[in-house]
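Spelled out, the chains give:
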Amino acid sequence: MTHTAADTGTRTPGATATEAAAPPWRRRSGTALAALLAVDGLAHLYWATGRTWPAVDERALSLAVLGMQGVSFAPPVVLPLAALTLTGAAAVLAHAHGRGGRPTRLVTAAVATGLAVRGLAGLGWAAGLLDTPPDSPFATLNLALYTPACLGFGWAAARLARAR
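This structure is a prediction, so every number in the text was calculated from the model and none was measured.

What counts and what doesn't
- Residues numbered from 1 in each chain as written.
- Predicted model: local features only at pLDDT ≥ 70, side-chain atom pairs only at ≥ 80, totals over all residues.
- Heavy atoms only, no water.
- Core = buried A, V, L, I, M, F, W, Y, C linked by side-chain atoms within 4.5 Å.
- Buried < 20%, exposed > 50% of the residue type's maximum accessible area, 1.4 Å probe, protein only.
- Helix = DSSP H or I, 4+ residues; strand = E, 2+ residues; numbered from the N terminus.
- Contact = heavy atoms within 4.5 Å.
- pLDDT = per-residue confidence, 0-100.
- Patch = residues over 30% accessible without salt bridge, like charges linked within 9 Å, V, L, I, M, F, W, Y side chains within 5 Å.
- Areas by Shrake-Rupley, 256 points an atom, 1.4 Å probe, with all protein chains shown as cover.
- Salt bridge = Lys/Arg side-chain N within 4 Å of Asp/Glu carboxyl O.

Colleague: Is there a simple way to think about the nonpolar core in this case?
Modeller: Within soluble globular proteins, side chains that are nonpolar tend to cluster in buried spots. Counting residues in each nonpolar core, the largest one holds 12 residues, listed as Leu33, Ala34, Leu37, Ala89, Val92, Ala96, Val111, Ala112, Leu115, Cys150, Ala157 and Leu160. For this core, the elements supplying multiple residues, two or more each, are helix H3 (24-48), helix H5 (75-96), helix H6 (101-126) and helix H7 (138-162). When neighbours within four sequence positions are excluded, Val92 is seen to be in contact with Gly30, Leu33, Ala34, Leu37, Thr108, Val111 and Leu160. Residues Ala48, Ala55, Leu61 and Phe73 belong to the second largest nonpolar core, which totals six residues.

Written out as structure tokens, the structure is:
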């Protein structure tokens, strides 16, 4: 088995004492969470251009992503969401590497809360407590992708937010 400096506890040249002390699980889970948030933010930036991939049009995108019709993906709607998720990604990554102190820890906790709330709402949709149009691919995507990802990454974010 190959060991890295992080695994053996030796300090990487140029690393701060706090960053060197951050355990490997913290850096790995934080990097994965930050990547998820960054991809989400980049998707919102892409939709702000008027393109609707992976859907054929805005109606299909709204049905697939949100499970409802008529939701706008115009720049005034999606750009603030992109800014929010990209800022969250940067803060989570900083916290995962032992940087940013209390502010990045609080943002990581907020990310955990948001993902947990979305995951619980996804369970509500899966249980039929919340309405979804019958012709919507959202039900399948929610059950197979959105809810498990939000619950899993929400748990990881909560665990990460507890780390000091």
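Colleague: Quick question: what am I supposed to make of the confidence of the model for the protein here?
Modeller: Detail in the predicted coordinates should be disregarded across regions flagged by low pLDDT. For the protein, per-residue confidence averages 89 on the pLDDT scale, and residues scoring 70 or more make up 88% of the total. Averaged pLDDT values for the elements of the protein fall to 48 in helix H1 (residues 5-8) and rise to 98 in H5. Residue range residues 6-12 is modelled with pLDDT below 50. Its contacts to residues more than four positions away, or to other chains, number 10 contacts.

Colleague: Honestly, a nonpolar patch on the surface in this entry has me stumped. Any pointers?
Modeller: A contiguous nonpolar surface patch, about 250 Å² in accessible area, is contributed by Leu42, Leu45 and Leu79. Residue placement: Leu79 occurs in helix H5. The class of Leu79 is partly exposed, set by a relative accessible area of 37%.

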